Structure formats: structure tokens, C-alpha cells
Amino acid sequence: MKSIVCFALLCALLVSGLYTTGMALADQSATLHQGRVTVAVPDDWQPPDSYGEDGMVLCPPDPRAWPVEVVLWPIPEGGAWTADAAAAAHEAVIGRAYPYTRRDSSAFLTTEGKRGLQVVGEVRTTSGRTVTSMFIAFVADEYYCAIGTFSLPDRYERALADYLQPIARSLQLAEAGHEAPPIARPTVTDPPPAVVSSSHQ
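Definitions and limits used
Residues numbered from 1 in each chain as written. Predicted model: local features only at pLDDT ≥ 70, side-chain atom pairs only at ≥ 80, totals over all residues. Heavy atoms only, no water. Core = buried A, V, L, I, M, F, W, Y, C linked by side-chain atoms within 4.5 Å. Buried < 20%, exposed > 50% of the residue type's maximum accessible area, 1.4 Å probe, protein only. Helix = DSSP H or I, 4+ residues; strand = E, 2+ residues; numbered from the N terminus. Phe/Tyr/Trp six-rings, centres within 6.5 Å; stacked < 30°, edge-to-face > 60°. Pairing = 2+ DSSP bridges. Contact = heavy atoms within 4.5 Å. Axes fitted to C-alpha atoms, helices over the stretch in contact; angles between N-to-C directions. pLDDT = per-residue confidence, 0-100. Salt bridge = Lys/Arg side-chain N within 4 Å of Asp/Glu carboxyl O. Polar contact = N/O pair within 3.5 Å; in protein donor to acceptor, adjacent residues only side chain to side chain.

**Student:** Outline the nonpolar core, supporting the account with residue identities and numerical values.
**Tutor:** In this structure, L58, F138 and I147 are the most contacted members of the largest nonpolar core, which totals 30 residues. For this core, the secondary structure elements donating two or more residues are β1 (28-32), β2 (37-41), β4 (55-58), β5 (68-74), β8 (130-140), β9 (143-151) and α3 (156-169). Of all hydrophobic cores here, the second largest spans 26 residues; its members include V57, I75, A137 and A146.

So this is what it looks like as C-alpha cells:
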């Protein structure tokens, strides 16, 4: 899946702390796949940077914070149409890049009443450092959606409350009846290894 490939590669990029940002814009509304997915971006964040129609990166104003990523991909054949299944699929991608352990999960609700699953876990990088992984998974129509980020373990509560949850609460997902082209299903490839940079220590 194209989105799975993008997330795996970006996962390495985010954990390495090498992602760069640009100028800030005011009152942004970011969309994917011709409006199938929409999130509100705070006015002090950087402009959204998308990679195709299946994913985008949102950069908070704090230079020490990892970006927040929004990614969607088709529900695989035989896959369950649940947020739990979306979370498990997302964790499988993270686990392909790094040793990963789930630490906690809880129900999540968007402003519009869409139910999701919030998951907090730990990633062990190739340098042996522990990084907190957090994401919120959703399911809608024929696709999964995950909004996620990383942080150092002692900063994850702030990252969760100040960055990840506000973006996820604003999420709007198109349900049945919304006309949009099918999401492509390219081949999955393994991501390159990465390490945490000194800028995130």
C-alpha cells in the first residue's frame, strides 16, 4: 500500500529528527484524497506538507516536537472495519521499522462524534534509545486512517495533549456516499534504519 510505504519511510525520518519546516500560515484546513479526510491546522503551525493523496505531515511551532502525520490506506481484503483493526495495522507498520511495544490504549472521540482508538507505545531505535509512539486510529467507509507522532518519553503527555489530540479531534472523515476515486494499493517495501538526532535529546 502506498500509504503504508510512506508511513514506514517517514517513521524513520521522524525518529531521526531530520524533518525540516517552512513558514507559518493562518487558519489552515488540510485535506487528503479530494476531501475524504480533513483536519484543522492551528494558525501557528507550519503549512501542511503532503506526499500524494494518502498522507500529510503537520509541524507544530515547537522545534523540539516531532511532526504529526495523517495517513490513510484501504482496508485490506478480509480486514475488520474497526478502529482496533486500523490500530493493529498501523502498529504492524511501526513494528516493521523498529522493535515496538504497545503500552496503553483508550477510546477517543472527535468533535463530530467519530470514534477512534488512541494508542501509546514504545519504539526502540537502532541506537538503543526509547521513543514514545502515539497515534489515534479510525475507520471510515473503505479505508483506515491514523494520526500519529513521536516524542521523548518525558514529553509524551504534552505532545499528546497539545499536538496529537487537537488535530485528531478536528478530523472529518467522509462516509458512504462521498464520491472519491479509489485509493491505490502499491507494494509494501521495508524502510531504512534511523536514529534519534541530538536535536531531540
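We are not done yet, so read on.
**Student:** Got a sec to walk through the packing of aromatic side chains? Specific residues and values, please.
**Tutor:** All told, the structure shown has 3 aromatic pairs when counted by the stated rule. On the numbers, 5.8 Å between centres and 75° between planes, the contact of W45 with Y163 is edge-to-face. Linking W45 in the loop between β2 and β3 (49-50) with Y163 in helix α3, this pair joins segments that are 118 residues apart in sequence. Owing to a relative accessible area of 3%, W45 belongs among the buried residues under this scheme. Judged by relative accessible area, which is 8%, Y163 ranks as buried. Measuring from centroid to centroid gives 5.7 Å for W73 and Y144, while their planes differ by 70°, and the two rings are edge-to-face. In this pair, W73 sits in strand β5 while Y144 sits in strand β9, placing the two residues 71 residues apart along the sequence.

**Student:** Any chance you could break down the sheet that holds β9 for me, citing the residues and the numbers?
**Tutor:** Taken in spatial order, the 7 strands make up an open sheet running β3-β4-β5-β9-β8-β7-β6, and their pairing is antiparallel. The open sheet has two free edges, formed respectively by β3 and β6 (100-109), since each of these has just one partner strand. Bridge count for β8 against β9 is 9 bridges, and the pairing is antiparallel. The residue bridging F135 from the neighbouring strand is G148, located in β9. Running over the sheet, helix α2 (residues 83-97) touches β5, β6, β7 (115-124), β8 and β9 and is turned about 145° from β8. Sheet contacts for α3: β4, β5, β6, β7, β8 and β9; angle to β8, the most-contacted strand, approximately 20°.

**Student:** Please provide a residue-by-residue account of the confidence of the model for the chain, values included.
**Tutor:** Per-residue pLDDT for the chain averages 79, and the proportion of residues at 70 or more is 73%. Summarising per-element confidence for the chain, the mean pLDDT is lowest in helix α1 (residues 2-16) (44) and highest in β7 (97). Note on residues 1-6: pLDDT under 50 across the span, and 23 contacts to partners over four residues away in sequence or across chains. Across residues 8-26 the pLDDT falls below 50, and counting only partners more than four positions away or on other chains, this stretch makes 54 contacts in the model.

**Student:** So what about the pattern of salt bridges? Which residues, and what values?
**Tutor:** Side-chain pairs of opposite charge can arise where the charged atoms are in close proximity. For the structure shown, the criterion picks out 5 salt bridges. For R64, the salt bridge identified is with D62, shortest N-O distance 3.2 Å. One salt bridge in this structure joins E91 and R102, with 2.7 Å as the shortest N-O distance. With a gap of 11 residues between them, E91 in helix α2 and R102 in strand β6 connect regions that are remote in the sequence. A relative accessible area of 12% places E91 in the buried class. Here the salt bridges share partners, and the residues they tie into one network are D62, R64, R158 and D162.

**Student:** Describe the side chain of Q118, naming the residues involved and giving the relevant values.
**Tutor:** By the secondary structure assignment, Q118 is in strand β7. When its relative accessible area of 8% is taken as the criterion, Q118 is described as buried. Reaching out from Q118, the side chain makes a polar contact with the side chain of Q165 at a distance of 2.9 Å. Among residues more than four places away in sequence, those in contact with Q118 are D104, S105, S106, F108, F135, I136, L160 and Q165.

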